[in-house]
Amino acid sequence: MNKVVGSADEAVADMKDGAVIFSGGFGLCGNPENLITAIHKKGVKNLTVVSNNCGTNDKGLGILLQSKQVKKMIASYVGENKEFERQYLAGELEVELNPQGTLAERIRAGGAGLGGFFTPTGAGTQIAEGKESRVINGREMIFETPLKADYAIVRAWKGDKWGNLVFRKTARNFSPMMCTAARITIAEVEHLVEVGELEPDSVHVPSVYVKRIFQGSNYQKWIEKRTLRTA
Amino acid sequence: MPLTRSQIAARAARELKDGYYVNLGIGIPTMVANYVPKGIDVIFQSENGMLGIGPYPTEAELDPDLINAGKETVTEIKGTSYFSSADSFAMIRGGHIDIAILGAMEVSENGDLANWTIPGKVVKGMGGAMDLVSGAKRVLVAMEQVAKDGSKKLLKECRLPITGKKCVNGIITELGLYDITPQGLVLREIAPGVTPEEVQAACEAKIRISPELRTIAV
């Protein structure tokens, strides 16, 4: 078994136009920076990207948006990206907005082999339009379908050569369930370690979900809102 | 005198009880964390996967891997835990968060809330708001009820697309504190120096005055 690849470019070498990609990250936190750059360089187009946000104008997933590689975006909040708004209003970009918890659970359902789920979130709102609804235990619920992707791209703090992953603080966010619901999950890690070096009880994503892994480099770790207190 | 934004936040903070797990939205709700009553422990949840949010960091503590749901840098406290987005929203949807304090663009007299979109104007998305209002045990709105352009925000029915139906339990504004009841809006507390007539004039919805109406302590 050899899941270790030499670079981000090698990791996305088989990516084709029209691919559906999950990208871990919350805003600019926990972004798979090396993989986003590699996809940008490769120039694949008509991508469907699923991520909570869409970066900022020129950072994170905003890089792929700027280069017009994204055909459709599935997200929960896109308020930080003016270029996104421009492309959407100009009809250049398809957008599907999901409540954040519904987005997370749809991905989880995709990875867990479920056919969907009923949720109270969004019942009676625009989100419910065209969806099956049912009253369960006295509450109105709407049916949401699972989400799957061709690729998941995530950044973890540590990973071993089998693909066991450990995240750090709030950089975890959507990445664990995204790893479970893609045909090919690629993890870039800040520290690539030998098998056996990770504490088994502390693994966030078990190796079975990860197909390719590599040591990332040159992390920028952009900060979107630098809020400080005076010491 | 109508309450200032800080005073609205301070009054909202007095709704917190010892042991509460709390989610705060952006704007006035974020300021609630500054006014937690002394002697009680409350734990703040952030929907990006954190329980136990601490204050903003010093320059030395700044960590790009540690942000709140508003994408601001924060710190952890003793007892903080981290988890995935799926776990975070299971926590929210599953009714484990005692109170969510949110901002609003409009609230109707039966508790419908609109705070996520203005059609044709802004494309931002609902983020976690729809999940929070459907899952938190109690939903409190903290906002200014008259917008800068003079338009009212406590309405008979929401005009904007709603975030949740009949989901708001209470509202705290610059003019008063309201409960949403089966009979509509009930004014339970009023800002000092403001008359019930002035409050009614600032609401499109008809308000009822609680027989035990009190003045908000500021």
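Read on for a plain summary of the structure. What you see is a predicted model; the values in this text were computed from it and never measured.

Before going further, it helps to spend a moment on the packing of aromatic side chains. Counting across every chain of the model gives 1 aromatic pair over all chains. Above the ring of tyrosine 219 of chain A, the side-chain terminus of arginine 155 of chain A is found at 5.5 Å from the ring centroid.

With that out of the way, let us pick up the pattern of salt bridges. For the structure on display, the rule yields 33 salt bridges over all chains. With a closest N to O distance of 2.8 Å, aspartate 9 of chain A and lysine 41 of chain A form a salt bridge. Of this pair, aspartate 9 of chain A sits in helix 1 (residues 8-11) while lysine 41 of chain A sits in helix 2 (residues 33-42), and the two are 32 residues apart along the sequence. Owing to a relative accessible area of 36%, aspartate 9 of chain A belongs among the partly exposed residues under this scheme. In this structure, glutamate 76 of chain B and lysine 169 of chain A form a salt bridge, with 2.9 Å as the shortest nitrogen-oxygen distance. Separated into two different chains, glutamate 76 of chain B in strand 4 (residues 76-82) and lysine 169 of chain A in the loop between strand 9 (165-166) and helix 6 (175-180) make up a pair that spans both. The network of salt bridges with common partners includes Arg155, Arg168, Glu190 and Lys221 of chain A together with Asp63 and Asp65 of chain B.

Every contact between the two is made by 52 residues of chain A and, on the other side, 48 residues of chain B. Between chain A and chain B, roughly 4,200 Å² of surface is buried when both sides are summed, and carbon and sulfur atoms account for 58% of that area. When the area that chain A buries against chain B is broken down by residue, the three leading residues are Lys169, Thr170 and Arg229 of chain A, summing to 16%. In this structure, the connection of chain A to chain B is made through 9 salt bridges. Note that glutamate 80 of chain A and lysine 71 of chain B form a salt bridge whose closest N and O atoms lie 3.5 Å from each other. There are 30 residue pairs in polar contact (both at pLDDT 80 or more) connecting chain A and chain B. Mapped onto the side of chain A that touches chain B, the elements with two or more residues apiece are helix 4 (82-89), helix 5 (100-111), strand 7 (139-144) and helix 6 of chain A.

It is worth spelling out the packing of helix 5 of chain A against helix 3 (residues 85-93) of chain B at this point. Contact geometry for helix 5 of chain A and helix 3 of chain B: axes closest at 9 Å, N-to-C directions at 125 degrees. Judged on the interaxial angle alone, helix 3 of chain B and helix 5 of chain A are oblique. At the point where helix 5 of chain A passes helix 3 of chain B, the crossing takes the left-handed sense. Each of Gln100, Gly101, Thr102, Ala104, Glu105 and Arg108 of chain A in helix 5 of chain A lies in contact with helix 3 of chain B, whose residues at this interface are Ser85, Ala86, Phe89 and Arg93 of chain B. In terms of residue class, the contact of helix 5 of chain A with helix 3 of chain B is built from 3 nonpolar, 4 polar and 3 charged.

Okay, the sheet that holds strand 10 (residues 170-172) of chain B next. Residue and element names in this part refer to chain B. Read from one edge to the other, the open sheet built from 10 strands follows the order 4-3-2-1-5-8-10-11-12-13, with strand pairing classed as mixed. The open sheet terminates on both sides in strands that have one partner only, identified here as strand 4 and strand 13 (207-215). Neighbour-to-neighbour, the strand axes of this sheet turn through a mean angle of 25 degrees, independent of strand direction. Pairing of strand 12 (residues 184-190) with strand 13 involves 5 bridges; the strand directions are parallel. Looking across to strand 13, one finds that valine 186 is bridged to arginine 208. In the packing of helix 1 (residues 5-13) onto the sheet, contacts are made with strand 5 (99-102), strand 8 (139-142), strand 10, strand 11 (176-181) and strand 12, and the angle to strand 10 comes to roughly 145 degrees.

Next up on the list: the pairing of strand 5 of chain B. Two faces, one strand: in a regular strand the side chains alternate between the faces of the sheet. Residue and element names in this part refer to chain B. Here strand 5 shows two buried faces, one formed by Ile99 and Ile101 and the other by Ala100 and Leu102. Sheet topology places strand 1 (residues 21-24) next to strand 5; 3 bridges connect them, and they run parallel. Looking at the pairing, asparagine 23 lines up with alanine 100 of strand 5. Where strand 5 meets strand 8, 3 bridges bridge the pair, whose relative direction is parallel. Bridging across to strand 8, isoleucine 101 finds its partner in leucine 140.

With that out of the way, let us pick up the side chain of serine 85 of chain B. Its location among the elements puts serine 85 of chain B in helix 3. Dropping the residues within four chain positions of it, serine 85 of chain B is found in contact with Ala104, Asn173, Phe174 and Met177 of chain A.

Attention now goes to a nonpolar patch on the surface. A cluster of nonpolar side chains, contributed by Met1, Trp162 and Val195 of chain A, occupies part of the molecular surface with about 340 Å² of accessible area. Its location among the elements puts valine 195 of chain A in the loop between strand 10 (182-193) and strand 11 (212-215).

Residue and element names in this part refer to chain A. As summarised here, the arrangement of the 3 strands in space is 5-7-6, forming an open sheet in which the pairing is antiparallel. The two strands at the open ends of the sheet, each matched to only one other strand, are strand 5 (117-119) and strand 6 (133-136). The sheet shows a mean angle of 40 degrees between the axes of neighbouring strands, direction not considered. In terms of strand pairing, strand 5 meets strand 7 through 3 bridges, oriented antiparallel. Bridge pairing in strand 7 places phenylalanine 117 opposite glutamate 144. Where helix 5 meets the sheet, its contacts fall on strand 5 and strand 7, and the angle it forms with strand 5 comes to roughly 165 degrees.

Further remarks concern the environment of asparagine 2 of chain A. Residues and elements named next belong to chain A. With respect to the helices, strands and loops of the structure, asparagine 2 is situated in the segment before helix 1. C-alpha of asparagine 2 to C-alpha of lysine 225: the two residues are 223 residues apart in sequence and 39 Å apart in space. Polar side-chain contacts of asparagine 2 include one of 3.2 Å to the backbone nitrogen of valine 4.

Quick look at the nonpolar core now. Counting residues in each nonpolar core, the largest one holds 54 residues, and the members touching the most others are Val107, Leu113, Val168, Ile171, Tyr178 and Val199 of chain B. The contact partners of isoleucine 171 of chain B, leaving out residues within four places of it in the chain, are Val107, Leu140, Val141, Met143, Leu154, Gly176, Leu177, Tyr178, Ile180 and Leu185 of chain B. In terms of nonpolar packing, the next biggest core, distinct from the first, is built from 30 residues, Ala8, Ala19, Ile39 and Ile184 of chain A among them.

Procedures and definitions
- The numbers attached to residues start from 1 for each chain and follow its sequence in the written order.
- Key to labels: chains lettered from A, ligands numbered from 1, both in the order written.
- In keeping with the model being predicted, local features are shown solely for residues with a pLDDT of at least 70 and side-chain atom pairs are shown and tallied solely at 80 or more, while totals for entire chains, interfaces and linings include all residues.
- By convention in this description, side-chain values take in all heavy atoms of the structure and omit both hydrogens and water.
- Each pair of aromatic rings taken from Phe, Tyr and Trp, with Trp reduced to its six-membered ring, is defined by centres within 6.5 Å and is described as stacked if the planes are under 30 degrees apart, edge-to-face if over 60, and tilted in the remaining cases.
- Only Lys NZ and Arg CZ are tested; either one counts as a charge over a ring when it is within 6 Å of the ring centre and within 35 degrees of the ring normal.
- Here a salt bridge means any side-chain nitrogen of Lys or Arg lying within 4 Å of a carboxyl oxygen belonging to Asp or Glu.
- Here a helix means four or more residues in a row that DSSP labels H or I, a strand means two or more in a row labelled E, and each is numbered from the N terminus.
- When a residue's accessible area, from a 1.4 Å probe over protein chains only, is under 20% of the maximum for its type it is buried; when over 50% it is exposed; and in between it is partly exposed.
- A contact between two residues is defined here by any heavy atoms of the two lying within 4.5 Å.
- Buried area is a sum: the accessible area each of two parts loses on coming together, probed at 1.4 Å, counted once for each and added.
- N or O atoms within 3.5 Å of each other form a polar contact, as long as, within protein, one can give a hydrogen and the other can take it, and as long as residues adjacent in sequence are counted only when both atoms are side-chain atoms.
- Fitted lines through C-alpha atoms give the axes, limited to the stretch in contact for helices. The angle between two N-to-C directions lies from 0 to 180 degrees.
- The cut-offs work like this: below 35 degrees is roughly parallel, past 145 is roughly antiparallel, 65 to 115 is roughly perpendicular, and the gaps in between are oblique.
- Throughout, a crossing is termed right-handed when the near helix is turned clockwise from the far one, and left-handed when it is turned anticlockwise from it by less than a right angle.
- The classification used treats Ala, Val, Leu, Ile, Met, Phe, Trp, Tyr, Cys and Pro as nonpolar, Asp, Glu, Lys and Arg as charged, and all other residues, Gly among them, as polar.
- Any two strands between which DSSP finds at least two bridges are classified as paired.
- Only residues whose relative accessible area exceeds 30% and that take part in no salt bridge are eligible for patches, with like-charged residues grouped when within 9 Å of each other and nonpolar side chains (Val, Leu, Ile, Met, Phe, Trp, Tyr) grouped when within 5 Å.
- With residues, only the protein chains shown are counted as cover, and all accessible areas are computed by Shrake-Rupley using a 1.4 Å probe.
- Each nonpolar core is a collection of buried residues, namely Ala, Val, Leu, Ile, Met, Phe, Trp, Tyr and Cys, held together in the definition by side-chain atoms within 4.5 Å.

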